[in-house]
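# Fold and geometry: a report
As a plain string of letters, each chain reads:
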Amino acid sequence: MKAINATLSHVWNNNEYYRSKLEGAGFTEPKIESLEQLASVPLLKKDVIRGDKQKLLCVDPKEIGQVHLTSGTSGKPIYTAYTLADQYVYDLLPKYLEIFKETDADVAAIALPYEFALPGLGFQRLFQFAFGTAVLSLGKGGYMAPVDKSLELMKEYQATVLATTPSYAALLVEESEKYGIKIGEDIRLKKILLTGEGCSSTFRDRLEKWWGCEVSFFYGSTECGVVGVECSKHKGYHVMEGHVKVEIIDTVSEKPLPYGQTGEIIVTTLLREGMPMVRYRTGDIGYLQKARCVCGITMDVLHLRGRMENMLRLNGEDYSPFLLEHFLMEIPDVGMWYHFKLNQGVLKIEAEPFRTKLSDEQLAEKIRKHMADRLSIDCQVEIRHDIPRTFGKATRVFN
């Protein structure tokens, strides 16, 4: 309550757009009396701020210390301005010591974009300034950091933690064999943090077996920073309640939904002076539950179900790509690179074989039968040996 009211007061006093929206909703002062009243604060939609670097700015431009922006894959980019205090004080105040066990004895390899977006620099600040951890700034396959050099650096400095995307974690371990680097011997990680793309638990299980370490999910965004992180029990994301307030709303009525009901994830940043996000519509789908985790953490647990724009409409129902991936990855003969292509309601799966003695025809039939058994979905299957690898976000769904 205190943090939300401090945020409302800050945007009321320092931003014309936020103030006009609050006044239009009937507010005469920037204050709510209960958390339930947060639902009366207007929602912030992406289209309002896309391509506009000033609209949400709540400080004098000379106070800006860093600018990040989204990739703009679905339109103009969204700009996010941080003050130095946002970067080096507010982002690091709550440390969540039960989630992040890293210390100054660890070495963290950060294989995330450093260009434009938040992830690379955000993780670097977290590890360096909150935990005193040494950082290897790998990036993602840029001309200064090709895969072989990244693997060599992880080997030379004995990296213990890797922060990257699911597809790049798969690419690194795949390429390690080509360069003669043995995972588990030359590189012995204790933990991998996956972010930037969603993936299923079975995809994560594959990575855990391949890398021989714990793999946890980290949910955040360039606009909102960290939102939720898994503990070692892997039963959902603990909401980082020192940084954000998370709500779930019905996508049509925009009314708040109770624990256990699935809807759109709404995020309010609590410790942000440069460009706060107040009731921001993320476009992600999920639900909240009260923490009952044996790890002892009492912060709410968030379960992700994917992005609204990536849902696949099959037989009159919406399916998350994570769900389809989950069942596809149950087949050990299938590799970690695939495409889901939807054309006029018909699903086509393009998949690669993985260390299998099955012919392409046998594998295709196995996939068809498995998906029909598990999901009651008839699909077309094409076995490919040339699905392109990517250093950016992996595109899995083609609608």
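Scope of this entry: the structure provided in the associated data block. (Residues numbered from 1 in each chain as written. Predicted model: local features only at pLDDT ≥ 70, side-chain atom pairs only at ≥ 80, totals over all residues. Heavy atoms only, no water.)

Side chains that are three or four residues apart share a direction in an α-helix, a result of its 3.6 residues per turn. With 13 residues, helix α5 (residues 119-131) extends 17 Å from end C-alpha to end C-alpha; this agrees with the ideal 18 Å at 1.5 Å per step. All of the buried residues in α5 are Gly 120, Phe 123, Gln 124, Arg 125, Leu 126, Phe 127, Ala 130 and Phe 131. Remark: Gly 132 follows α5 within two positions and exhibits a positive phi of approximately 70°. (Helix = DSSP H or I, 4+ residues; strand = E, 2+ residues; numbered from the N terminus. Expected span 1.5 Å × (residues − 1). Buried < 20%, exposed > 50% of the residue type's maximum accessible area, 1.4 Å probe, protein only.)

Reading across from one edge, β18-β17-β16-β19 is the order of the 4 strands in this open sheet, with mixed pairing throughout. Where the open sheet ends on each side, the last strands, each with one partner, are β18 (379-383) and β19 (397-398). Examined bridge by bridge, strand β17 (residues 346-353) and β18 share 5 bridges and lie parallel to one another. Bridging from a neighbouring strand, Ile 349 pairs with Val 381 of β18. Where helix α9 (residues 321-328) meets the sheet, its contacts fall on β16 (334-343), β17 and β19, and the angle it forms with β16 comes to roughly 135°. (Pairing = 2+ DSSP bridges. Contact = heavy atoms within 4.5 Å. Axes fitted to C-alpha atoms, helices over the stretch in contact; angles between N-to-C directions.)

Formed by 94 residues in total, the largest nonpolar core has its most connected members in Trp 211, Leu 302 and Ile 367. Ignoring sequence-local partners within four residues, the contact set of Trp 211 consists of Met 154, Leu 162, Ala 169, Leu 172, Val 173, Ile 183, Ile 187, Leu 189 and Ile 192. Formed by 24 residues, the second largest nonpolar core is a distinct cluster that contains Ala 108, Leu 126, Val 135 and Cys 231. (Core = buried A, V, L, I, M, F, W, Y, C linked by side-chain atoms within 4.5 Å.)

The next point concerns the packing of aromatic side chains. Inspection of every chain in the model, using the stated rule, returns 9 aromatic pairs. With 6.1 Å between their ring centres and 25° between their planes, Phe 123 and Phe 127 make a pair best called stacked. Taken together, the positions of Phe 123 and Phe 127, both in helix α5 and 4 residues apart, correspond to about one turn of that helix. The ring of Tyr 88 has Arg 125 sitting right over it, with the charged end atom 6.0 Å from the ring centre. Directly above the ring of Phe 398 sits Lys 341, whose terminal nitrogen or CZ lies 5.4 Å from the centroid. (Phe/Tyr/Trp six-rings, centres within 6.5 Å; stacked < 30°, edge-to-face > 60°. Lys NZ or Arg CZ within 6 Å of the ring centre and 35° of its normal.)

Residue His 234 is not a glycine yet carries a positive backbone phi of 55°. With respect to the secondary-structure elements, His 234 resides in the loop between β8 (225-230) and β9 (237-239).

Moving on: the side chain of Thr 269. As for its position among the elements, Thr 269 is in strand β11 (residues 263-269). Sequence-distant contacts of Thr 269, defined by excluding residues within four places in its chain, comprise Thr 7, Cys 224, His 243, Val 244, Pro 276 and Met 277.

Okay, empty space enclosed by the protein next. Evaluated as defined, the whole model comprises 1 cavity of 30 Å³ or more. By volume, the largest cavity is sized at about 90 Å³. Contributing to the lining of the largest cavity are Leu 8, Tyr 17, Tyr 18, Lys 21, Leu 22, Val 41, Pro 42, Leu 43, Leu 44 and Val 278. Here the lining of the largest cavity takes 4 residues from helix α2 (residues 16-24), the largest share from any one element. (1 Å grid on protein atoms, 1.4 Å probe; cavity = no way out; pocket = protein on both sides within 12 Å on 5 of 7 lines; lining within 4 Å. Points joined across faces, edges and corners; volume = space filled by probe spheres on them.)

Considering the arrangement of structural elements, one finds Lys 62 in the loop between α3 (46-49) and β1 (64-69). We classify Lys 62 as exposed; its relative accessible area is 66%. Sequence spacing of Lys 62 and Lys 149 is 87 residues, and the spatial spacing of their C-alpha atoms is 38 Å.

A word on a nonpolar patch on the surface. A contiguous nonpolar patch, built from Leu 84, Tyr 88, Val 89, Leu 93 and Phe 129 and spanning about 500 Å² of accessible area, is present on the exposed surface. With 3 residues, the top contributor of residues to the nonpolar patch is helix α4 (residues 84-90). Along the chain, the position of Leu 84 falls in helix α4. (Patch = residues over 30% accessible without salt bridge, like charges linked within 9 Å, V, L, I, M, F, W, Y side chains within 5 Å. Areas by Shrake-Rupley, 256 points an atom, 1.4 Å probe, with all protein chains shown as cover. Salt bridge = Lys/Arg side-chain N within 4 Å of Asp/Glu carboxyl O.)

So, on to the environment of Ser 167. The topology assignment puts Ser 167 in helix α7 (residues 166-178). On a C-alpha basis, the gap between Ser 167 and Trp 337 in space is 8.1 Å, while along the polypeptide they are 170 residues apart. Ignoring sequence-local partners within four residues, the contact set of Ser 167 consists of Glu 197, Trp 337, Gly 392, Ala 394 and Arg 396. A polar contact of 2.8 Å, which involves the side chain of Ser 167, links it to the side chain of Glu 197. (Polar contact = N/O pair within 3.5 Å; in protein donor to acceptor, adjacent residues only side chain to side chain.)

Once that is clear, we can look at the sheet that holds strand β6 (residues 191-194). Taken together, 11 strands build an open sheet; the order of strands is β4-β3-β5-β6-β7-β8-β9-β13-β12-β11-β10 and the sheet is mixed. Where the open sheet ends on each side, the last strands, each with one partner, are β4 (134-137) and β10 (244-249). Mean inter-strand twist for the sheet, computed between neighbouring axes without regard to direction, equals 35°. Across 3 bridges, β8 lies against β9 in antiparallel orientation. From the neighbouring strand, Val 229 faces β9, where its bridge partner is His 238. Its contacts with the sheet put α7 on β3 (107-111), β5 (161-164) and β6, and the angle it makes with β5 is roughly 125°.

A few words now on the side chain of Arg 125. Inspection of the secondary structure assignment puts Arg 125 in helix α5. One buried charged residue, Arg 125, forms no salt bridge at all, with the nearest opposite charge on Asp 91 at 4.1 Å. Not counting residues within four places of it along the chain, the set of residues in contact with Arg 125 comprises His 68, Gln 87, Tyr 88, Asp 91, Leu 92, Leu 118 and Ala 130. (Lys, Arg positive; Asp, Glu negative; His and termini not counted.)

Let us look at α9. Buried within α9 we find Pro 321, Leu 324, Glu 325, Phe 327 and Leu 328. Viewed end-on, α9 has its buried residues packed into an arc of 165°, placing them on one side of the element. The N-cap of α9, judged by a side-chain oxygen 3.1 Å from the amide nitrogen of Phe 322 a few residues on, is Ser 320. (Arc of directions from axis to C-beta.)

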